Amino acid sequence: APRILSGMQPTSDSLHLGNYLGALVNWVTLQDEFDAYYFVADLHALTVPTDPAVLRARTRATAAQFIAGGVDPERSAVFCQSHITEHAELGWVMNCLTADGEARRMTQFKDKTAKGQNANVGLLTYPMLMAADILMYDAAFVPVGEDQRQHLEITRDLATRFNTRFGEALVVPEPYIVKGAAKIQDLQEPTAKMSKTGSSPKGLIDLMQDPAKIAKNIRSAVTDTDAEIRYDVDTKPGVSNLLVIHSILSGTPVPELEAAFAGRGYGDLKKEVADVVVAAVEPFQARMRELLDDPAELDRILASGAERARVVARATMERVRDRVGLLPSA
Ligand code: TYM
């Protein structure tokens, strides 16, 4: 089967609904069809200064959430980026193929530095490491949310550049961005994406949050002043966001939801969305408790995922070293 790959940063104790609906739900579906590699991007998380013990706990929790969300580690390789040292190595090669101005023009770097985040060089070269993650595994598709599109584009550019300069050696990947699910918005500020760093506590739905709190946040989601339940991202971003969340979790197409809610009020919509989200979150949390109860089993899963990943990574790095002119080591 063709290979797919994706990753998430361990930047908090809990994934949020955007991570879940924008990415993880698709990971689970795609593992039936593809040879899937899913990893915790712990090296990328080092771009934000974090207490080491906290990073360790979040890395385990993130891996556990992949599994609680339905990734099957028997089928898909689940691993930590840092366990495969080839990522940093190929990242270096990617750095050396990237122009300084090209890196500085990336919107994520510009946004984060504009917000005054202390910009270490890791933040600047973040996309090159991400390109390395993807190109390492000859990934045909990369299932991510809309916010990662630019990173996928530079990955494609770097792969093409490498192949042009050194001869065909890297697979140029396609993004796999599911329409509709690609961007879950902040509940309080529905024109901005739901995000760990940008959203207020009331705008965010964490998968590990108390279900009563989740329901409360959904009931106080910002909507608009007319009363029609209709999907229109431009004029009704809040209502549209709620419809999308409902649709993905209930498997009901948005037009059917619009018909079902015709003539009803926003209160009804919010209540149903809250029910649908809580129904998804409760079994997820139960599975998480089991997984976190047995850290040895989780570490075993990560070790066996790394073993699988390492076989592919070694082969790619050998090819890359040879192409660029590094001497083979004895
Ligand atoms: P990260 O950790 O920020 O997010 C993980 C995944 O969740 C998606 N996502 C969203 N989707 C819809 N709506 C939202 N509000 C929302 N917020 C986040 C993201 O698009 C992503 O798919 N750079 C990556 C991690 C990474 C990676 C990779 C991904 C490192 N190397 C290689 C794929 C392939 C990131 O920071 O994702």
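Everything quoted here is computed from the prediction, not taken from an experiment. (Residues numbered from 1 in each chain as written. Predicted model: local features only at pLDDT ≥ 70, side-chain atom pairs only at ≥ 80, totals over all residues. Heavy atoms only, no water.)

1. A word on the overall build of the protein
- The number of helices and strands found in the protein is 14 helices and five strands.
- Taking 330 residues into account, the globule formula puts the C-alpha radius of gyration at 20 Å, and the protein, at 21 Å, falls close to it.
- With the principal axes as the frame, the protein shows a C-alpha extent of 70 × 45 × 40 Å.
- Every one of the 330 residues in the protein was classed for burial, and the buried ones make up 48%.
- Pairs at least 24 residues apart make up 75% of the contacts formed inside the protein by residues separated by at least 6 positions. (Helix = DSSP H or I, 4+ residues; strand = E, 2+ residues; numbered from the N terminus. Rg over C-alpha atoms; globule rule 2.2 N^0.38 Å. Buried < 20%, exposed > 50% of the residue type's maximum accessible area, 1.4 Å probe, protein only. Contact = heavy atoms within 4.5 Å.)

2. Topic: the pairing of strand 1 (residues 3-8)
- Judged from the six bridges that link them, strand 1 and strand 2 (residues 35-40) form a sheet pairing that is parallel. Its bridge partner being in strand 2, Arg3 is matched across the sheet by Asp35.
- In this fold, the crossover linking strand 1 to strand 2 by way of helix 1 (residues 17-30) has right-handed handedness. (Pairing = 2+ DSSP bridges. Right-handed = clockwise from strand over helix to strand, strands pointing away.)

3. Focus: the site of the ligand
- Lining the immediate surroundings of the ligand are 28 residues, of which Tyr126, Asp133, Gly145, Asp147 and Ile184 lie closest.
- One nitrogen or oxygen atom from the side chain of Gln148 is found 3.0 Å from a nitrogen atom belonging to the ligand.
- Coverage of the ligand by the protein chains reaches 95% of its 710 Å² of free accessible surface.
- For the shell around the ligand, the secondary-structure elements that each account for two or more residues are strand 1, helix 1 and helix 8 (126-136). (Near = heavy atom within 4 Å. Polar contact = N/O pair within 3.5 Å; in protein donor to acceptor, adjacent residues only side chain to side chain. Areas by Shrake-Rupley, 256 points an atom, 1.4 Å probe, with all protein chains shown as cover.)

4. Some thoughts on helix 8
- Counting buried residues along helix 8, eleven of its eleven residues qualify, which places the element largely inside the surrounding structure.
- Among the residues trailing helix 8, Asp138 stands out with phi positive, at a value near 50°.

5. As for the packing of helix 4 (residues 86-95) against helix 8
- The N-to-C vectors of helix 4 and helix 8 enclose an angle of 120°; their axes lie 8 Å apart at closest approach. Taken together, the axes of helix 4 and helix 8 lie oblique to each other. Helix 4 and helix 8 meet at a crossing whose hand is right-handed. The residues of helix 8 that touch helix 4, namely those facing Glu86, His87, Ala88, Leu90, Gly91, Met94 and Asn95, are Met128, Leu129, Ala131, Ala132, Asp133, Leu135 and Met136.
- Looking at the contact of helix 4 with helix 8 residue by residue, the class counts come to nine nonpolar, three polar and two charged. (Axes fitted to C-alpha atoms, helices over the stretch in contact; angles between N-to-C directions. Parallel < 35°, antiparallel > 145°, perpendicular 65-115°, else oblique. Left-handed = near helix turned anticlockwise from the far one by under 90°. Nonpolar A, V, L, I, M, F, W, Y, C, P; charged D, E, K, R; others polar.)

6. Quick notes on the UniProt feature "binding site: ATP" (unreviewed entry) in the protein
- In this structure's numbering, the residues bearing the UniProt feature "binding site: ATP" (unreviewed entry) are Gln9, Pro10, Thr11, Gly18, Asn19, Gly145, Glu146, Asp147 and Ile184.
- In this fold, Thr11 is placed in the loop between strand 1 and helix 1.
- Classification of Thr11 by relative accessible area gives partly exposed; the value is 34%.
- Assignment of secondary structure puts Gly18 in helix 1.
- Overall, Gly18 belongs to the buried group, its relative accessible area being 14%.
- Apart from residues no more than four positions distant in its own chain, Gly18 is found in contact with Ala23, Ile184 and Met194. (UniProt positions renumbered as here; feature names shortened; annotations may be inferred.)

7. What about the environment of Val324?
- You can see Val324 is positioned in helix 14 (residues 295-324).
- Each C-alpha atom of the pair Val324 and Asp42 lies 27 Å from the other, and the pair is 282 residues apart in sequence.
- Leaving out residues up to four positions away in the same chain, Val324 has contacts with Val93, Phe162 and Phe166.

8. A look at the environment of Ala221
- Here Ala221 lies in the loop between helix 10 (211-219) and helix 11 (237-250).
- Assessed through its relative accessible area of 5%, Ala221 is described here as buried.
- Along the chain, Ala221 and Glu189 lie 32 residues apart, while their C-alpha atoms are 8.7 Å from each other.
- Those residues in contact with Ala221, other than ones at most four positions away along the chain, are Leu187, Gln188, Leu242 and Lys270.

9. Quick word on the pairing of strand 3 (residues 77-80)
- Here strand 3 shows no split at all, with Ala77 and Phe79 on one side and Val78 and Cys80 on the other all buried.
- The sheet contact formed by strand 2 and strand 3 spans four bridges and is parallel. Along strand 3, the bridge assignment pairs Tyr37 with Ala77.

10. Focus on the pattern of salt bridges
- Across all of its chains, the model carries 24 salt bridges by this definition.
- A salt bridge links Arg230 to Asp232, with the shortest nitrogen-to-oxygen separation between them at 3.5 Å.
- Residue class for Arg230 comes out partly exposed when judged on its relative accessible area of 29%.
- Taken together, the salt bridges that share partners define one network made up of Arg3, Asp35 and Arg308. (Salt bridge = Lys/Arg side-chain N within 4 Å of Asp/Glu carboxyl O.)

11. Observations concerning unusual backbone geometry
- Backbone geometry places Asp138, a non-glycine residue, at a positive phi of 50°.
- Following the sequence through the fold, Asp138 ends up in the loop between helix 8 and strand 4 (141-143).

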